[in-house]
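Observations on the three-dimensional arrangement
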Amino acid sequence: MWGMVRRELARSSGGEYVLVHQQEQHGVRQVHEDNSANGNQHRGFSMSSDDDMIDITTTGTVTERSIHYDDPGTSHFAADGDEIPGIGQYEDFHTIDWQRDIARDRMRHRYIVKRRQNSLFDLVKGAHDAWSGWVCVLLVGLTTGVVAGVIDIGASWMSDLKYGICPSRFWFNREQCCWSSNETTSFETGNCSDWLTWSEVLGQSRTGAGAYIISYLMYIAWALLFASLAASLVRMFAPYACGSGIPEIKTILSGFIIRGYLGKWTLIIKSVGIMLSVSAGLSLGKEGPMVHIACCIGNILSYLFPKYGRNEAKKREILSAAAAAGVSVAFGAPIGGVLFSLEEVSYYFPLKTLWRSFFCALVAAFVLHSINPFGNEHSVLFFVEYNNPWIFFELVPFVGLGIIGGVIAAIFIRANLYWCKYRKTSKLGQYPVTEVLIVTAVTAVLAYPNPYTRMSTSELIYLLFRKCGVTNTDDLCDYNRNFTDVKSAVDLASAGPKVYRAMWLLVLALIFKLLATVFTFGIKVPCGLFIPSLCLGAIVGRIVGIGMEQLAFNYPHIWVFSGECSTMKDCITPGLYAMVGAAAVLGGVTRMTVSLVVVMFELTGGVRYIVPLMAAAMASKWVGDALGSHGVYDAHINLNGYPFLDSKEEFAHTSLAADVMQPKRNETLSVLTQDSMTVEDVETLMKETEHNGFPVVVSRESQYLVGFVLRRDLNLALAQARRAVEGLRPSSLVLFTSNSPQQPPQPGTPAPLLLKNILDMAPITITDQTPMETVVDMFRKLGLRQTLVTHNGRLLGVITKKDVLRYVKQLDNEDPNSVLFN
């Protein structure tokens, strides 16, 4: 906290508050390709840059903004407590100043507390400020729950449109249409007399070759219609609505600004688009995009509360809570949502944010349960009721499933990254809608013949998780059992021919789903990875579970089965293996551990199976880390060049700050002097260099560091001076010190231009012998954007966040020039 203390105590001799913009919380730096040097809004003291100071290759023009210089002794807040207009705003593709925003919020809070005793209005205002955070997350939770309920209901209805329609109540999906029917319907078809397939609507019979062809063609036609609508809406109205959104959310929560990514149009198009994408039958899920949708809601609602809407660092507390609510409504897992936000997406997660995230996730889950989009008493997707305890020996196949899941995840990540790179570098990327239609057509044509790929992925997962009982008619439950008493326990039995047929179909479904997901994740429609990953693992797990079940039936007296299975009772639960396998693949794809286990047992209600889930999740993570260093979200962050410095990774290289700083030794460093440069000298320096900031030194001979000034602030200050100061000439001295010149100005000599206000007098500094491991830790834990390198107090160079990222990539034998926002 020492940087914060220095910041608040830095005052000039005249009592003027000098806002020294150190970052101590988490921020990152990014090059902006246009107008990065000068085109930003001025914010108060103009010490709030979000630009890099080195390697900016373009400069823009100064926009007309009101520039406010406070009188000596005043702070950033006017007499009425309102902030200066425009303060705290950032340009697109820039990084927030965590330290400045936190200090601003602290000053605002102190001002409100100080005024509370003045009047009843100020007391109410202080109370509102105290509980505005809780009100904001309450609204976020309520809205997220409602939106999730609408998406679940809409996706279910449109998915069933591919198969038929309910003529009496067209707004009912297939399951709701058959509720009033007393007929027994199979899980595979789900049809009843109230539900008409498209062949029946067109006057044909329900079964037969003609009915099959008509249903096949209607399935493909509806899929293409839904996919084309989704891709067109994304392309025309909200390009940021495509994909999962979690890599970008992680980058935004680390302090990066992507304007429009959490806007109202993105929210609307993502919500509609994910319903269309899921209904098209593509190999994707709506659960991942729910995190993006919830963060859009959090961003929009935060503007109702200036405490959060005008302060980007505070807004990220709301976004972290919104991410937890997104997972909560996606899976009906509020605790897992909080842990997911903590483990996977949030970069800065204080205890206060933990409480609010818990509350937000709870409210969202309650609202979704009240809406009841799944039509049952459970608020989870795949509720299961297993009564049998697991056998200790089963930990071996559970760990084996974890290993298989890690291998499948590594294969998927490598293949998907290869395809995404090809898409970015080839002409394919220029035709996003065409690619969506091709992927949709191929998926629909190949998916329909197999009943396990024809049904929606969520239905398939539920089918694989289910325990076989008396009423199950699916092929997976075709066992040679003789049910004499419905209430008795289900005995172990040999598998019938339909079980083996179903296993072959599941193997084909596994290969198809894996390939389809590789080509689907990354196309220009909203798409998530949670459900496809769960499906891949559930298929593998069910196959392994059936194998273990038949092994126990045929060899019940082997020592591993001799206790529990010797009585021929149902000691092996294939559905449990499907659940463990699903967790294994999802853990390998995302590299989640704690939050994954909690999400899985909340998702299924299988609390007693935490140990098998933990064993599979850890095995999957170890195998995944051995075969690839990144999960799919971190891999896509690197692929897109987002400026994200992962706090979980270790810097294992031995090097010094002098090896990374710019410029290198024996090269000239562009600096400003505190009292010996004229306006013309400063303008010439800015024309000849492209740096986005300049250290200020005592003199060129001494090179002793005084402070740091940003190029944008300098441009804005000079532009304001030309408009407001009479007699300003190119020969006017520019002073970055409060001390007056020793010699009184001669008659006719222009008055000096005082720019002490825009000087950062307490920049973070290191020595040239500081180990880079320490430097990287400073950038991660203090959220620095740049640090100055000195030797015995004399300035040597500068290290920016981009320099660190480039250096790390260079040491890892990667392209250092990929650290750009693409």
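Above this text sits the structure in question.
Residues numbered from 1 in each chain as written. Predicted model: local features only at pLDDT ≥ 70, side-chain atom pairs only at ≥ 80, totals over all residues. Heavy atoms only, no water.

1. Looking at the overall build of the protein chain
Across its full length, the protein chain carries 28 helices and eleven strands. Looking at the protein chain residue by residue over its 822 residues, the buried ones come to 59%. Residue pairs at least 24 apart in sequence account for 74% of intrachain contacts in the protein chain once pairs closer than 6 positions are excluded. (Helix = DSSP H or I, 4+ residues; strand = E, 2+ residues; numbered from the N terminus. Buried < 20%, exposed > 50% of the residue type's maximum accessible area, 1.4 Å probe, protein only. Contact = heavy atoms within 4.5 Å.)

2. Let's talk about the side chain of D122
Mapped onto the secondary structure, D122 falls in helix α3 (residues 120-160). Overall, D122 belongs to the buried group, its relative accessible area being 10%. A distance of 3.1 Å separates polar atoms of two side chains, one belonging to D122 and the other to S119. If we skip the residues at most four places from it in the chain, D122 touches R115 and R116. (Polar contact = N/O pair within 3.5 Å; in protein donor to acceptor, adjacent residues only side chain to side chain.)

3. Comments concerning the side chain of H636
Position of H636 among the secondary structure elements: in helix α23 (residues 632-640). Here H636 falls in the buried class, since its relative accessible area comes to 8%. Aside from chain neighbours lying at most four places away, what touches H636 is P247, N416, L417, C420, F521 and Y642.

4. Describing the pattern of salt bridges
If you walk through the whole model with that rule in mind, you get 20 salt bridges. For R722, the salt bridge is made with E683, and the minimal N-O distance between the two is 2.0 Å. Linking R722 in helix α26 (residues 711-724) with E683 in helix α25 (residues 679-688), this pair joins segments that are 39 residues apart in sequence. Judged by relative accessible area, R722 falls into the partly exposed class, the value being 48%. Through salt bridges with shared partners, a single network forms among D105, R108, D129, K314, E317 and R356. (Salt bridge = Lys/Arg side-chain N within 4 Å of Asp/Glu carboxyl O.)

5. Describing the packing of aromatic side chains
For the structure on display, the rule yields 17 aromatic pairs. For the ring pair Y212 and Y448, a centre distance of 5.4 Å and an interplane angle of 65 degrees mean the geometry is edge-to-face. Of this pair, Y212 sits in helix α6 (residues 209-237) while Y448 sits in the loop between α15 (432-447) and α16 (451-454), and the two are 236 residues apart along the sequence. Since its relative accessible area comes to 34%, Y212 is described here as partly exposed. Among the residues examined, Y448 registers a relative accessible area of 6% and is labelled buried. Taking the centre distance of 5.6 Å and the plane angle of 15 degrees together, the rings of F237 and W265 count as stacked. Of this pair, F237 sits in helix α6 while W265 sits in helix α8 (residues 264-279), placing them 28 residues apart in sequence. Judged by its relative accessible area of 45%, W265 falls in the partly exposed class. These aromatic residues form a ring-pair network of at least three members: Y163, Y212, Y216, Y219 and Y448. (Phe/Tyr/Trp six-rings, centres within 6.5 Å; stacked < 30°, edge-to-face > 60°.)

6. Some points on the pairing of strand β5 (residues 693-697)
Of all five residues making up β5, five are buried, and the element is well covered by its neighbours. The alternating pattern of β5 places G693, P695 and V697 on one face and F694 and V696 on the opposite face, and all of these are buried. Where strand β3 (residues 672-673) meets β5, two bridges bridge the pair, whose relative direction is parallel. In the sheet register, T673 faces β5, and the bridge partner there is V697. Across five bridges, the pairing between β5 and strand β6 (residues 705-710) is antiparallel. (Pairing = 2+ DSSP bridges.)

7. Examining the state of the cysteines
Using the criterion set out here, one finds one disulfide in the structure. Disulfide pairing places C166 opposite C177 at an S-S distance of 2.1 Å. Given an S-S torsion of about 75 degrees, the disulfide between C166 and C177 has right-handed geometry. With a gap of eleven residues between them, C166 in the loop between β1 (164-165) and α4 (174-177) and C177 in helix α4 connect regions that are remote in the sequence. Pair check on accessibility: C166 and C177 agree, each one buried. Here C136 stays free of any disulfide, with the sulfur of C360 as its closest cysteine sulfur at 8.4 Å. For C136, a relative accessible area of 0% translates into the label buried. For C296, which is in no disulfide, the shortest distance to another cysteine sulfur is to C295 and amounts to 7.4 Å. (Disulfide = S-S within 2.5 Å.)

8. Concerning α3
The periodicity of an α-helix, 3.6 residues per turn, causes residues three or four positions apart to be oriented the same way. For α3, built from 41 residues, the straight-helix expectation of 60 Å at 1.5 Å per residue is met to within 8% by its first-to-last C-alpha distance of 58 Å. In the structure, α3 departs most strongly from a straight axis at W131, where the bend amounts to approximately 50 degrees. (Expected span 1.5 Å × (residues − 1). Bend = angle between axes of the 7 residues up to and from the residue.)

9. Observations regarding a nonpolar patch on the surface
Taken together, M236, F237, W265, I268 and V272 make up a surface patch of nonpolar side chains, about 510 Å² in accessible area. The set of elements that each furnish at least two residues to the nonpolar patch consists of α6 and α8. Of note, I268 is situated in helix α8. Given a relative accessible area of 44%, I268 falls into the partly exposed group. (Patch = residues over 30% accessible without salt bridge, like charges linked within 9 Å, V, L, I, M, F, W, Y side chains within 5 Å. Areas by Shrake-Rupley, 256 points an atom, 1.4 Å probe, with all protein chains shown as cover.)

10. Points about the environment of G693
Its place among the elements puts G693 in strand β5. By relative accessible area, G693 is classed as buried at 4%.

11. Topic: helix α18 (residues 497-520)
Between its first and last C-alpha atoms α18 spans 34 Å; for 24 residues at 1.5 Å apiece the expected length is 34 Å, and the two agree. A positive phi of about 120 degrees marks G522, the residue just after α18.

12. As for the packing of α8 against helix α9 (residues 287-302)
Where α8 meets α9, the closest approach of the two axes is 9 Å, and the angle between their N-to-C directions is 150 degrees. Classified by the angle between their axes, α8 and α9 sit roughly antiparallel to one another. When the axes of α8 and α9 are compared, the crossing they make is left-handed. Contacts between α8 and α9 involve K264, T266, L267, K270, S271 and I274 from the first element and P289, H292, I293, C296, I297 and I300 from the second. Class assignment for the residues of the contact of α8 with α9 results in seven nonpolar, three polar and two charged. (Axes fitted to C-alpha atoms, helices over the stretch in contact; angles between N-to-C directions. Parallel < 35°, antiparallel > 145°, perpendicular 65-115°, else oblique. Left-handed = near helix turned anticlockwise from the far one by under 90°. Nonpolar A, V, L, I, M, F, W, Y, C, P; charged D, E, K, R; others polar.)

Keep in mind these numbers describe shape, not what the thing actually does.
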